[in-house]
Amino acid sequence: MTKQLSHINEEGNAVMVDVSTKKISNRVAIASGLVKFPESVFNTLKRQDFLGKKGSIVQTAVIAGIQGVKKTSELIPLCHQINLTKINVDILPGKNEFQISCTVKCNGKTGVEMEALTGVSIAALTIYDMCKALSQDIVISNVQLEQKNGGKNDFQR
């Protein structure tokens, strides 16, 4: 069996995948990413208990990540609207960085990997937005799928 792009038809046009004949299953996806800071900037944030002029950096980014997951089908044109059953966004400080993890679950005909990746991305962008007054030398990196289960192909990084 050869793999092929699922969102491109034989004529080369973009299409939304037809999931009408797929079976409903429990699906889970976990994505992760990093927001890296210059050491002096991260130390300043740490001394301020990660509170900025706009409020709690971490809690604001968690809420933004959750909102991003819920808006994935509006942001990415060929994603299906999915009835989500669980969203969890964790943001932990590391050495001059925040480590972001987003877990998304649903009972459906298509998976939630794009939702988990979007949650991480929006949380990371929110951290950047809340901290950019201190430095623009903030790097968002390593946004990646860690795991997905419940569909035709499971994945574990």
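Just so it is clear, the model here is predicted, and its values are computed rather than measured.

**Observations regarding the overall build of the chain**
A count of helical and extended segments in the chain gives four helices and seven strands. Across the chain, helices and strands are ordered from the amino to the carboxyl terminus as β-α-β-β-α-α-β-β-α-β-β. Based on the C-alpha atoms only, the size of the chain along its principal axes is roughly 55 × 30 × 25 Å. Per-residue burial over the chain gives 36% buried out of 157 residues. Pairs at least 24 apart in sequence give 70% of the contacts found in the chain among residues at least 6 apart. Surface exposure of the chain reaches about 9,600 Å², of which carbon and sulfur atoms provide 52%. Once the 19 positive and 14 negative side-chain charges of the chain are each reduced to a mean point, those two points are 4 Å apart.

**Regarding a nonpolar patch on the surface**
Nonpolar side chains collect at one region of the surface, where Leu-125, Ile-140 and Val-143 lie side by side and expose about 220 Å² of accessible area between them. Along the chain, Ile-140 falls in strand E6 (residues 139–149). Residue class for Ile-140 comes out partly exposed when judged on its relative accessible area of 33%.

**Some thoughts on the layout of surface pockets**
By volume, the largest pocket is sized at about 1,200 Å³. What lines the largest pocket is a set of 31 residues, and nearest its centre among them are Ser-6, Val-17, Lys-22, Glu-113 and Asn-153. When residues of the lining of the largest pocket are traced back to their parent elements, those giving at least two are helix H4 (113–131) and E6. Sort the elements by how many residues they give to the lining of the largest pocket and H4 lands first, with three residues. Across the lining of the largest pocket, the residue classes break down as 15 nonpolar, nine polar and seven charged. Counted as a void, the second largest pocket has a volume near 210 Å³. Lining the second largest pocket are 13 residues, and of these Gly-52, Lys-53, Met-130, Ala-133 and Leu-134 sit closest to its centre. Counting only elements with at least two residues in the lining of the second largest pocket, the list comes to strand E2 (51–52) and H4.

Conventions adopted
- Residues numbered from 1 in each chain as written.
- Predicted model: local features only at pLDDT ≥ 70, side-chain atom pairs only at ≥ 80, totals over all residues.
- Heavy atoms only, no water.
- Helix = DSSP H or I, 4+ residues; strand = E, 2+ residues; numbered from the N terminus.
- Buried < 20%, exposed > 50% of the residue type's maximum accessible area, 1.4 Å probe, protein only.
- Contact = heavy atoms within 4.5 Å.
- Areas by Shrake-Rupley, 256 points an atom, 1.4 Å probe, with all protein chains shown as cover.
- Lys, Arg positive; Asp, Glu negative; His and termini not counted.
- Charge placed at Lys NZ, Arg CZ, Asp CG, Glu CD.
- Patch = residues over 30% accessible without salt bridge, like charges linked within 9 Å, V, L, I, M, F, W, Y side chains within 5 Å.
- Salt bridge = Lys/Arg side-chain N within 4 Å of Asp/Glu carboxyl O.
- 1 Å grid on protein atoms, 1.4 Å probe; cavity = no way out; pocket = protein on both sides within 12 Å on 5 of 7 lines; lining within 4 Å.
- Points joined across faces, edges and corners; volume = space filled by probe spheres on them.
- Nonpolar A, V, L, I, M, F, W, Y, C, P; charged D, E, K, R; others polar.

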